[in-house]
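Residue-level listing of the chains:
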Amino acid sequence: MTSVSADSPVDGIVATVPIVLSLLVAAWALVAAVRQRPPDRVQFVGLAVLEVALLVLTVLALVAVGGGDRPGEPGAFFGYLVTLVCLPPLAWVLARMEPTRWGSAIVCAVCLVAPVVVVRLQQTWEVLGG
């Protein structure tokens, strides 16, 4: 496995912030689910802040692509990028539809998937030669 290069737009603080935010919201949602609590305002605010962080990551990646940089696997990269931006709104909608402890479990699960997708995004940027 190769490390992400220094000139990658999906590395550094831009990727670390969404990963940490996502894990914090996941931990909060897990505690709520274990306590049999429905999703609360903190979870929804956390999802909104996470979405903003992911949009910043997305914009920076798209600006880099527009500036001439290319990901190693463009198809997978853009697929992960779209998926990443859709995760928090999906969790929001599903958690609102399920106002029980399972809504909190949904938020937790989605927030555990987001860091994995960010890492995969980094890996698909770095792959050289497909």
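What counts as what
The numbering scheme is per chain: residues are counted from 1 as the chain's sequence reads. With pLDDT at 70 or above as the cut-off, local features in this predicted model cover only qualifying residues; side-chain atom pairs require 80 or more to be listed or tallied, and sums for whole chains, interfaces and linings still use all residues. Side-chain metrics in this entry use all non-hydrogen atoms of the structure; hydrogen atoms and water are not considered. Strands are runs of DSSP state E lasting at least two residues, helices are runs of H or I lasting at least four, and both sets are numbered from the N terminus onward. Polar contact criterion, stated in full: a pair of N or O atoms within 3.5 Å, where within protein one must be able to donate a hydrogen and the other to accept it, and residues adjacent in sequence count only if both atoms are side-chain atoms. Any two residues whose heavy atoms approach within 4.5 Å are treated as being in contact. Residue types Ala, Val, Leu, Ile, Met, Phe, Trp, Tyr and Cys, when buried and joined through side-chain atoms within 4.5 Å, form a set referred to as a nonpolar core. Only protein chains enter the calculation, and the probe is 1.4 Å; a residue is then buried if its accessible area is under 20% of its type maximum, exposed if over 50%, and partly exposed in between. Angles here are taken between N-to-C directions and fall from 0 to 180 degrees, while the axes themselves are lines fitted to C-alpha atoms, restricted in helices to the stretch in contact. We call two directions roughly parallel when the angle between them is under 35 degrees, roughly antiparallel when it is over 145, roughly perpendicular when it lies between 65 and 115, and oblique otherwise. The sense of a crossing depends on the near helix, which, turned anticlockwise from the far helix by less than a right angle, makes the crossing left-handed and, turned clockwise, makes it right-handed. Only Asp, Glu, Lys and Arg are considered charged, only Ala, Val, Leu, Ile, Met, Phe, Trp, Tyr, Cys and Pro nonpolar, and every remaining residue, Gly among them, polar.

K.L.:
Sorry if this is basic, but what is going on with the side chain of T58 here?
P.N.:
Looking at where T58 falls in the secondary structure, it is placed in helix α2 (residues 41-66). At 2.8 Å, the side chain of T58 and the backbone oxygen of L54 are in polar contact. Setting aside chain neighbours within four positions, we find T58 in contact with L81 and V85.

K.L.:
Hey, could you run me through the environment of L90 in this one?
P.N.:
Mapped onto the secondary structure, L90 falls in helix α3 (residues 74-97). Sequence spacing of L90 and Q36 is 54 residues, and the spatial spacing of their C-alpha atoms is 21 Å.

K.L.:
Quick question: what am I supposed to make of the nonpolar core here?
P.N.:
Nonpolar side chains tend toward joint burial in soluble globular proteins. Ranked by size, the top nonpolar core spans 29 residues in total, and within it V10, F77, L84, V107, C111, V118 and L121 carry the most contacts. Among the elements of the structure, α1 (13-34), α2, α3 and α4 (101-126) are those that each provide at least two residues to this core. Here this core gets 9 residues from one element, more than from any other, and that element is α4. The residues touching L121, leaving out its near neighbours within four places in the chain, are V10, L57, F77, Y80, L81 and L84.

K.L.:
How do you make sense of the packing of α2 against α3 when you look at a structure like this?
P.N.:
Relative placement of two packed helices is described by the angle separating their axes and the distance separating the axes. Axis separation between α2 and α3 bottoms out at 10 Å; the angle between their running directions is 165 degrees. Between α2 and α3, the interaxial angle falls into the category roughly antiparallel. Of the two elements, α2 crosses α3, and the hand of that crossing is left-handed. Side by side, α2 and α3 meet where F44, L47, A48, L50, E51, L54, L55, L57, T58, A61, L62 and V65 of the first sit next to F77, F78, L81, L84, V85, P88, P89, A91, W92, A95 and R96 of the second. Residue composition of the contact of α2 with α3, grouped by class: 20 nonpolar, 1 polar and 2 charged.

In short, geometric facts, not functional conclusions.
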